[in-house]
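Understanding the architecture of this molecule
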Amino acid sequence: MAVPHHRRTGPSDAGALLEQSAAACRERSPAPLPHRPPGAFPETPPARRPVKRLLALALLLAAGLLAAAHEIRPAPYGDHLTSGPPAPTARARGGAVEAYDGRTLRWRYARVGRRPLSVLPTRGQAITVWDDGLVTDTDGRSVRWHRALPAATDWLRARGGAGVLRPLGRGILAVVTPSRIAAYRTADGDLRWVLPARAGCAFRPERAVRHGHALLVAQPCADGAWTAQLVAVDDLGGIAPHRTPLGNEPPRAGRPEHPRTEKALAPPR
C-alpha cells in the first residue's frame with residue numbers, strides 16, 4: 001500500500017506565503033487618507049464659530065440690560081435719599097426731611113408724593129412719620145427701616161403727627177395713634193409690644209406727658225371711671241403690678257430672649 005508523501009515547507013516557502021497574504025490584504029483595504037500635518041486640523045469647525053460669537057454677544061447684551069434695569073428700577077417706598085454724614089438736628093421742610101450740622105445741610109430724604117408730618121431726631125438719626133402712615137428711620141447714609149401704621153392714614157392726614165412719636169428710653173420708640181400704642185426698637189425697627197385702646201376709648205397722643213421713666217397717655221372714654229382714661233407705659237410696655245415683660249435688647253448668640261428666665265419658672269423648693 002502506497003504511503004502519501006508529505007512535502008515539508010522550508011524557509012523560502014514560508015516567506016513566499018507571507019508575501020502573498022500581505023498582498024491580498026493590501027488589495028482588500030481602502031485607499032489611505034491623504035496625510036495632513038497636525039496644524040492643518042482646526043480646533044473648532046468653521047461652521048460653529050459664528051454661533052459661539054452670537055451667543056457671547058447675546059450674553060453681553062443681556063448683562064447690560066439687567067444692569068440698566070437695576071439702575072432705573074424705582075426705589076422702595078418712593079425713597080429719594082441724598083446721603084451725607086450724620087447730623088445732630090433734623091426737621092421737616094417742604095416735602096422732605098433735612099438734617100443739619102449747624103447751618104450746613106448734611107443730608108436730605110424725601111418720598112415721592114408723600115409729606116413728612118413729624119420728625120424726631122435721636123442720636124444722629126431721624127425718625128419720621130409720613131402722611132401715608134409710614135414710619136421711617138434714617139441715619140443719612142441709608143433708610144434703615146420702614147414700618148406701616150395700620151388704620152392711621154386718614155387720621156394722620158386730618159390731624160397731623162403732633163405727639164405721635166414718643167421716645168421711651170433704652171432704644172425704644174412709642175408710636176401713639178388713637179387705636180393703639182406700638183413700641184419699636186430703634187436699632188432695627190423690631191416691634192416690641194402693642195397696647196390697644198379700650199373699647200369705646202381712644203388715645204390722644206398730643207396730650208401725652210413724661211413723668212420720670214413713664215409716659216402718661218390720655219385715653220378719653222365715652223363711659224368709664226377717670227382712672228381708665230389714663231394709661232402709663234415705659235420701654236417694657238404697660239405699667240402694671242407684677243408684670244413680667246420681655247427684654248427689648250437686640251438678640252445675641254447664646255442669649256435667651258427673656259432677660260430673667262428664672263421668673264418664668266416655678267420657684268425652687
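Details of the structure are given in the entry above.
As the structure is a computational prediction, the values presented were derived from the model and not from experiment. (Residues numbered from 1 in each chain as written. Predicted model: local features only at pLDDT ≥ 70, side-chain atom pairs only at ≥ 80, totals over all residues. Heavy atoms only, no water.)

Some points on the sheet that holds strand β7 (residues 134-138)
Reading across the sheet, the four strands line up as β5-β6-β7-β8 and stay open at both edges, with antiparallel pairing between neighbours. The two strands at the open ends of the sheet, each matched to only one other strand, are β5 (116-122) and β8 (143-148). Pairwise comparison of adjacent strand axes, ignoring direction, gives a mean angle of 15° for this sheet. In this structure, β7 lies alongside β8, joined through five bridges in antiparallel fashion. Counterpart to Thr-136 in the pairing with β8 is His-146. (Pairing = 2+ DSSP bridges. Helix = DSSP H or I, 4+ residues; strand = E, 2+ residues; numbered from the N terminus. Axes fitted to C-alpha atoms, helices over the stretch in contact; angles between N-to-C directions.)

Some thoughts on the environment of Ala-162
Within the element layout of this structure, Ala-162 appears in the loop between α3 (153-159) and β9 (165-169). When the C-alpha atoms of Ala-162 and Leu-117 are compared, they prove to be 7.8 Å apart, with 45 residues separating the residues in sequence. Not counting chain neighbours up to four residues away, the residues in contact with Ala-162 comprise Pro-205 and Glu-206. (Contact = heavy atoms within 4.5 Å.)

Overview of the nonpolar core
Counting residues in hydrophobic clusters, the biggest one holds 16 residues, and the most contacted among them are Val-129, Val-135, Leu-149, Leu-156, Leu-165, Leu-173 and Val-175. Listing elements by their share of this core, those giving two or more residues are β5, β6 (125-130), α3, β10 (172-177) and β11 (180-185). The contacts of Leu-156, once residues within four sequence positions are left out, are Leu-117, Val-129, Trp-130, Gly-133, Leu-149, Gly-161 and Val-164. In this structure, Trp-193, Phe-203, Leu-215 and Val-233 belong to the second largest nonpolar core, which totals 14 residues. (Core = buried A, V, L, I, M, F, W, Y, C linked by side-chain atoms within 4.5 Å. Buried < 20%, exposed > 50% of the residue type's maximum accessible area, 1.4 Å probe, protein only.)

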